[in-house]
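Understanding the architecture of this molecule
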Amino acid sequence: MKIAIRMDDITPDMDWEKFNRFRALLDRYQVRPLLGIVPENRDPNLQRGEYREDFWEEMLRLRERGWVLAMHGCHHIYTTKRGGMFPLNRLSEFAGLPYEEQRRMIAEGKRILQEHGIETDLFMAPAHSYDRNTLRALRENGFLRVTDGFGTEPYRYGGITFYPISFQMERSLRGGEGATTLVVHANAMTEEDFARYGRIFQTQELLPYQEYLAMPAAQRGACGRLKEYGMATAKRLLVAAKSAARSR
């Protein structure tokens, strides 16, 4: 299976030491990832380093090198405890809010990115959580692609093209047909994580995210989305059970 990389929580005040260390690893293996940029970060949990005044210029430089830029929410502040249509988590910046509020937030995020020279139609929801109103608001604001869902190929649903993430990393790395995305949070990476990704980049067939976006997308119906909903719910419960077992 071909492996694409996405990096979440990209902000001017992220942990730049870890970001640059992972960037060096990406450069060594010529991996061109997707970056999820928070338009205006208000989440203190993402404030991990010194604020860089040249952040936006750096993002544009990376785009020139073939890195893909997406909008990662608006402020990255969780406003509800809803999992929405893809309930990997019971937290959301968007799911559960009225349509007009979601439309306003997405429009605000888009405006901020545009003011810094970034045009994108690709969206990344904080905590992976969105609902039907989110999809409607995205379409109204010109966002026609979302990085989320499960599967081995891009798919179309509700007027949006989805680019799936990995359901289980180990299973994705064992091979097979198709493509998927590994989700990286550089702010929280450990020494073990850096070592693991070094091995992955050495041994796997890596897919530039720009090429992932060019792959054909199949139509997915309600049954496919229902299966995906069940998988996301099962994964959330499994992760919670493992976390509870470790804390005993």
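Our subject is the structure that appears above.
Residues numbered from 1 in each chain as written. Predicted model: local features only at pLDDT ≥ 70, side-chain atom pairs only at ≥ 80, totals over all residues. Heavy atoms only, no water.

With respect to the overall build of the protein
We apply this condition: Secondary structure elements follow DSSP: runs of H or I no shorter than four residues count as helices, runs of E no shorter than two count as strands, and numbering proceeds from the N terminus. Put simply, the radius of gyration uses C-alpha atoms, and a globule should come to 2.2 Å times the residue count raised to 0.38.
Within the protein, the secondary structure is distributed over eight helices and nine strands. For 248 residues, the compact-globule estimate of 2.2 N^0.38 gives 18 Å, and the protein sits close to it at 17 Å. Viewed in the frame of its principal axes, the protein has a C-alpha envelope of about 45 × 45 × 40 Å.

Structural notes on the environment of A218
This is how it is decided: Each residue gets one of three labels from its accessible area relative to the maximum for its type: buried under 20%, exposed over 50%, partly exposed in between, using a 1.4 Å probe on protein chains only. Between two residues, a contact is recorded if the distance between any of their heavy atoms is within 4.5 Å.
Turning to its location among the elements, A218 is positioned in strand β9 (residues 218-219). Residue classification places A218 among the partly exposed residues on the basis of a relative accessible area of 29%. For A218 and F162, which are 56 residues apart along the polypeptide, the C-alpha to C-alpha distance reads 9.8 Å. Apart from the residues lying within four places of it in its own chain, the contact partners of A218 are E153, P154, Y155 and R156.

Re the sheet that holds β9
Quick note on the threshold: Two strands pair if DSSP finds at least two bridges between them. Axis geometry follows a simple rule: fit a line to the C-alpha atoms, using only the stretch in contact for helices, then measure angles between N-to-C directions, giving values from 0 to 180 degrees.
The nine strands lie next to each other as β8-β1-β2-β3-β4-β5-β7-β6-β9, forming an open sheet whose pairing is mixed. The open sheet has two free edges, formed respectively by β8 (179-184) and β9, since each of these has just one partner strand. One ladder, built from six bridges, connects strand β1 (residues 2-10) with β8; its direction is parallel. In the strand pairing of β8, K2 is matched with A179. Its contacts with the sheet put helix α4 (residues 132-140) on β4 (122-124), β5 (145-146), β6 (155-157) and β7 (160-162), and the angle it makes with β7 is roughly 115 degrees.

Topic: the side chain of D15
Applied cut-off: N or O atoms within 3.5 Å of each other form a polar contact, as long as, within protein, one can give a hydrogen and the other can take it, and as long as residues adjacent in sequence are counted only when both atoms are side-chain atoms.
With respect to the helices, strands and loops of the structure, D15 is situated in the loop between β1 and α1 (16-28). Polar contacts involving the side chain of D15 include one to the main-chain amide nitrogen of K18, which spans 3.1 Å. Here D15 is in contact with R48, G49 and N187, once residues within four sequence places are set aside.

Some thoughts on the layout of surface pockets
The condition is simple: Cavities and pockets were defined on a 1 Å grid built from protein atoms only: a cavity is a group of points that admits a 1.4 Å probe but offers it no way out, a pocket is an open group of points flanked by protein on both sides within 12 Å along at least five of seven lines, and a lining residue is one with an atom within 4 Å of any such point. Grid points are joined across faces, edges and corners, and a volume is the space filled by probe spheres set on the points. Gly falls in the polar group here, along with every residue not listed as nonpolar (Ala, Val, Leu, Ile, Met, Phe, Trp, Tyr, Cys, Pro) or charged (Asp, Glu, Lys, Arg).
The volume enclosed by the largest pocket comes to roughly 1400 Å³. As for the largest pocket, its lining consists of 40 residues, of which H128, V183, H185, K235 and V239 are closest to the centre. Elements with a contribution of two residues or more to the lining of the largest pocket: β1, α5 (169-173), β8, α6 (191-203) and α8 (222-246). No other element matches α8, which puts nine residues into the lining of the largest pocket. The residue inventory of the lining of the largest pocket, partitioned by class, reads 19 nonpolar, ten polar and eleven charged. Each pocket or cavity is described by its volume, and for the second largest pocket that value is around 350 Å³. What lines the second largest pocket is a set of 19 residues, and nearest its centre among them are F150, G151, T152, F167 and M231. Counted by class, the lining of the second largest pocket contains six nonpolar, eight polar and five charged residues.

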